[in-house]
Amino acid sequence: MKKAIIPIIAVIILAGTIFGGYLVIDGLFPKANPINVPFINAVISMTVAKNEMRKAGEPREIASTDVEGILTKLSEAEPTRKMSVQDSPDAQVNYEIAAKTAERTHCFYVYEEGGMCYVEIPYEGIYTVDKGLMELLQ
């Protein structure tokens, strides 16, 4: 009887340690909140600029037919545990999307890194997104 209790106690301690470790990591590196994308009806205008080597590119107006596609791709973004701690990403090439509404201008930075496509909202979070968004912006 005593020999059967020892493995059960070991499994309980191991499970508690793993769960506790998860809680500590989740507390130190929380996932970003769900992405905040404006409603299509609220967008007055949208521009995109290709920024290279930390130099801002010339913004160009997005056609109203493409605005819905871009907002749809942005709304499908998944939060990561990476934190946004600066005004713009360090990526060599990124696209800056500015979606203007009556209340404010929403800024999104889209870039590719390590084969993944990311959307960064300064000081809010970094999200993974479908690479199809990069094709819409080019």
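Residues numbered from 1 in each chain as written. Predicted model: local features only at pLDDT ≥ 70, side-chain atom pairs only at ≥ 80, totals over all residues. Heavy atoms only, no water.

Draft legend 1. Molecular detail of the nonpolar core. Counting residues in each nonpolar core, the largest one holds 25 residues, and the members touching the most others are M46, L74, I97, V110 and V119. Of all elements in the fold, only β1 (45-52), α2 (64-75), β4 (93-100), β5 (105-113), β6 (116-121), β7 (125-129) and α3 (132-137) reach the threshold of two or more residues within this core. In terms of residues, this core owes the most to one element, α2, which gives four residues. The contacts of V110, once residues within four sequence positions are left out, are N94, Y95, I97, C117, Y118, V119, L133, M134 and L137. (Core = buried A, V, L, I, M, F, W, Y, C linked by side-chain atoms within 4.5 Å. Buried < 20%, exposed > 50% of the residue type's maximum accessible area, 1.4 Å probe, protein only. Helix = DSSP H or I, 4+ residues; strand = E, 2+ residues; numbered from the N terminus. Contact = heavy atoms within 4.5 Å.)

Draft legend 2. Highlighting a nonpolar patch on the surface. Judged by side-chain polarity, V24, I25, L28 and F29 come together as a nonpolar surface patch covering roughly 400 Å² of accessible area. Locating V24 in the fold gives a position in helix α1 (residues 2-28). Overall, V24 belongs to the exposed group, its relative accessible area being 52%. (Patch = residues over 30% accessible without salt bridge, like charges linked within 9 Å, V, L, I, M, F, W, Y side chains within 5 Å. Areas by Shrake-Rupley, 256 points an atom, 1.4 Å probe, with all protein chains shown as cover. Salt bridge = Lys/Arg side-chain N within 4 Å of Asp/Glu carboxyl O.)

Draft legend 3. Looking closely at the pattern of salt bridges. Across all of its chains, the model carries three salt bridges by this definition. Note that K82 and E113 form a salt bridge whose closest N and O atoms lie 4.0 Å from each other. Of this pair, K82 sits in the loop between β3 (78-79) and β4 while E113 sits in strand β5; the two residues are 31 residues apart in sequence, bridging distant segments of the chain. Residues E112 and K131 are paired through a salt bridge, measuring 3.5 Å at the closest nitrogen-oxygen approach. Within this pair, whereas E112 is found in strand β5, its partner K131 is found in the loop between β7 and α3, the two being separated by 19 residues in sequence. A relative accessible area of 42% means that E112 is categorised as partly exposed.

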